[in-house]
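Chain residues, written in single-letter form:
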Amino acid sequence: MLDKLFKRKDMSVMIEEAGNKSSGLRRHLTAIQLVSLGIGAMVGTGIFVITGQAAAAYAGPALTISFTISALSCVMAAFCYAEFASMIPVAGSVYSYSYTTMGEFLAWFIGWDLVLEYLFSCSSVAVGWSGYILNLLDGWGIYFPQHLRSATFDFVNGHWVWTGSLFNFPAVFIITLVSVFLIGGIRQSALINNIFVVIKVGVILLFIAFGLSYVDTGNWQPYIPENTGTWGHFGWTGILRGAAVVFFAFLGFDALSTAAQETRNPQKDMPVGIIGSLLICALLYVVVTAILTGIVHYPELNVPAPIALAIDKAGTGLVWLSPLIKLGAIAGLSSVILVMMLGQTRIYYAISKDGLLPPFLSKINHKRGTPQNATIYACVVTAIIAGLFPLSILAELVSIGTLMAFAVVCIAIIVLRKTAPDLKRPFKTPWVPFIPLLGAALCFLQMIFLPWSTWVRLILWTLVGFVIYFTYGIKHSKVNAK
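Cut-offs applied
Residues numbered from 1 in each chain as written. Predicted model: local features only at pLDDT ≥ 70, side-chain atom pairs only at ≥ 80, totals over all residues. Heavy atoms only, no water. Helix = DSSP H or I, 4+ residues; strand = E, 2+ residues; numbered from the N terminus. Areas by Shrake-Rupley, 256 points an atom, 1.4 Å probe, with all protein chains shown as cover. Lys, Arg positive; Asp, Glu negative; His and termini not counted. Charge placed at Lys NZ, Arg CZ, Asp CG, Glu CD. Patch = residues over 30% accessible without salt bridge, like charges linked within 9 Å, V, L, I, M, F, W, Y side chains within 5 Å. Salt bridge = Lys/Arg side-chain N within 4 Å of Asp/Glu carboxyl O. Buried < 20%, exposed > 50% of the residue type's maximum accessible area, 1.4 Å probe, protein only. Axes fitted to C-alpha atoms, helices over the stretch in contact; angles between N-to-C directions. Parallel < 35°, antiparallel > 145°, perpendicular 65-115°, else oblique. Contact = heavy atoms within 4.5 Å. Nonpolar A, V, L, I, M, F, W, Y, C, P; charged D, E, K, R; others polar. Expected span 1.5 Å × (residues − 1). Phe/Tyr/Trp six-rings, centres within 6.5 Å; stacked < 30°, edge-to-face > 60°.

K.L.:
So what's going on with the overall build of the chain? Residues and values would help.
P.N.:
Secondary structure summary: the chain contains 19 helices and two strands in total. If one aligns the C-alpha atoms of the chain with their principal axes, the spans along those axes are about 65 × 45 × 45 Å. Total accessible area computed for the chain in this model is approximately 17800 Å², and 69% of it derives from carbon and sulfur atoms. Computed over 29 positive and 20 negative side-chain charges, the separation of the two mean positions in the chain equals 11 Å.

The structure is reproduced here in structure tokens:
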């Protein structure tokens, strides 16, 4: 049994599979498209959704420090991802990397963790998208029925309560629409993403340029609010907890690694896409957070659409920018959902191809070169979660899943340098083991500052994963069948 649990997938077999043109996935993506996909995934969630809630509840104006800490963690992990993605350009991301370094059981564990990460990130961003579209429609005098505007359940004072709503219809709608685009093919999806990225980056730059003159520096005082007496709310513990919550805003480069098997020259282009998009997004996050907390006093930012609130607070001087910001946020969040759904479907595809999930999830539509069944399955499950649950619960689950995945990939780099030192590495992580160890340590530090209830949900999710593995996965594993 132990031999089966820790049997590793042969690296040469995985590299051969990645280079097999008959695998079904088509190599269309360039370095520029990868950077655009990374920006599409990252710029949106952190700026348009989570920023306000993290500032109001955890860090105050010092959320800029939270973003900086998260960015440092991501830079460390990004180097490790870039090395793996250029060396093993397959669809499975850190799941596949773990399979070659740590064995099947740990690969399943991290693969199941990636499912959590992408599933709940898509759901949480869809809820944020819903907040912006409803705000925009309300401004036009178009009012959605109350029972279709919000989540069915909420978590209040340690208990689940029914909100009175049936489900969040706009969140379900955008997930369905994005899934239709993804079924159409990777080239079409990349084109749509490029359009969204141009719109949202342009709108963000307008907000920075014109919002700067409306900053009231008094809103930054105190820059680090005193601890309220509750652990993780303001003070340095609040900054670290804020860093853990906003961490999933940097998910984009992780999702990029799932597209390695669809990249024309992954050895050269994946490092450029991963590291380039991360640095651009980190800068935008810090600048926008500073302006946002300068326009609106941080306690007022606990809303699903904080930048829309900032524009309204600025008064008549920025009225012309209000519809553009809201449209930009809608476009931005749409691209995040698109790339996260792309990552989720490729993870299902990779795990299924190894036999650990049912084979229908790895079937390819050969006309379009996409995992159609995996996309439809991801659409249904993600839409259900987005329709039923609130943003706060979803965001913290995504953060802990992301941090776990990043820590594992950092550790896996050290393991592979020891076990396979002679492998060809088109890109090398600098200063090993210092960079990977620091990246893993920062990830674990931020995980500590997430609430215990989030850890409980992670443990429950992991137990469900173990049940699936021991009742299905281990019996159908292709590696163990050899």
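K.L.:
Describe a nonpolar patch on the surface, with residues and values.
P.N.:
Taken together, Trp452, Val456, Ile459, Leu460 and Leu463 make up a surface patch of nonpolar side chains, about 510 Å² in accessible area. The residue Leu463 is located in helix H18 (residues 452–476) in this model. Of the residues examined, Leu463 reaches a relative accessible area of 45% and is grouped as partly exposed.

K.L.:
So, the pattern of salt bridges: which residues are in play, and what are the values?
P.N.:
All chains considered together, the criterion is met by six salt bridges. The structure contains a network of salt bridges with shared partners spanning Glu83, Arg417 and Arg425.

K.L.:
Outline the packing of helix H13 (residues 306–313) against helix H14 (residues 322–353), supporting the account with residue identities and numerical values.
P.N.:
The relative placement of two packed helices comes down to the angle between their axes together with the axis-to-axis distance. The N-to-C vectors of H13 and H14 enclose an angle of 175 degrees; their axes lie 10 Å apart at closest approach. With respect to H14, the axis of H13 lies roughly antiparallel. Where H13 approaches H14, its residues Ile307, Ala308, Ile311 and Asp312 are matched on the opposing element by Ser322, Ile325 and Lys326. Taken together, the residues that form the contact of H13 with H14 break down as four nonpolar, one polar and two charged.

K.L.:
I'd love a proper account of helix H10 (residues 235–246), names of residues and values included.
P.N.:
The terminal C-alpha atoms of H10 lie 16 Å apart, and with twelve residues this matches the ideal 16 Å at 1.5 Å per residue to within 8%. Burial within H10 is extensive, with ten of its twelve residues counted as buried. Taken residue by residue, H10 has Gly235, Gly238, Ile239, Leu240, Arg241, Gly242, Ala243, Ala244, Val245 and Val246 as its buried positions.

K.L.:
I'd like to hear about helix H6 (residues 94–101), residue by residue, with values.
P.N.:
Judged by how many residues are buried, H6 sits mostly within the fold: eight of eight residues are covered. Among the residues of H6, Val94, Tyr95, Ser96, Tyr97, Ser98, Tyr99, Thr100 and Thr101 are the ones counted as buried. Of the residues trailing H6, Gly103 is marked for its positive phi of about 100 degrees.

K.L.:
Hey, could you go over the packing of aromatic side chains for me, with residue numbers and the actual values?
P.N.:
Centre-to-centre distance and the angle between the planes together describe a pair of aromatic rings. Using the criterion set out here, one finds 23 aromatic pairs in the structure. Pairing Phe67 with Phe250 gives two aromatic rings, centres 6.3 Å apart and planes at 75 degrees, and the pair type is edge-to-face. Linking Phe67 in helix H5 (residues 63–87) with Phe250 in the loop between H10 and helix H11 (252–257), this pair joins segments that are 183 residues apart in sequence. In this pair, the class of Phe67 matches that of Phe250, namely buried. Consider the rings of Trp108 and Trp112, whose centres lie 5.7 Å apart with planes at 15 degrees: the pair is stacked. With Trp108 and Trp112 both in helix H7 (residues 104–139) and four residues apart, this pair spans about one turn of that helix. Comparing Trp108 with Trp112 shows no difference in burial state: the two are buried. Put simply, the rings of Phe105, Trp108, Phe109, Trp112, Phe120, Trp461, Phe466, Tyr469 and Phe470 touch in pairs and so form one group of aromatic residues.

K.L.:
Lay out the side chain of Glu104 in plain terms, naming residues and giving numbers.
P.N.:
Among the secondary structure elements, Glu104 is positioned in helix H7. It is Lys7 that comes nearest to the buried, bridge-free Glu104 among opposite-charge side chains, at 8.3 Å. Here Glu104 is in contact with Lys4, Leu5, Phe6, Lys7, Tyr99, Leu356, Tyr469, Ile474, Ser477, Val479 and Asn480, once residues within four sequence places are set aside.

K.L.:
Lay out unusual backbone geometry with the relevant residues and their values.
P.N.:
Cis peptide bonds are those with omega within 30 degrees of zero, and the linkage from Gln221 to Pro222 qualifies with -10 degrees. When you line up the elements, Pro222 lands in the loop between helix H9 (186–211) and H10. The step from Val432 to Pro433 runs through a cis peptide bond, and the omega angle for that step is 10 degrees. Summarising the element assignment, Pro433 is placed in the loop between helix H16 (391–419) and helix H17 (434–448). One non-glycine residue, Ser93, lies in positive phi territory at about 55 degrees. Relative to the elements of secondary structure, Ser93 occurs in the loop between H5 and H6.

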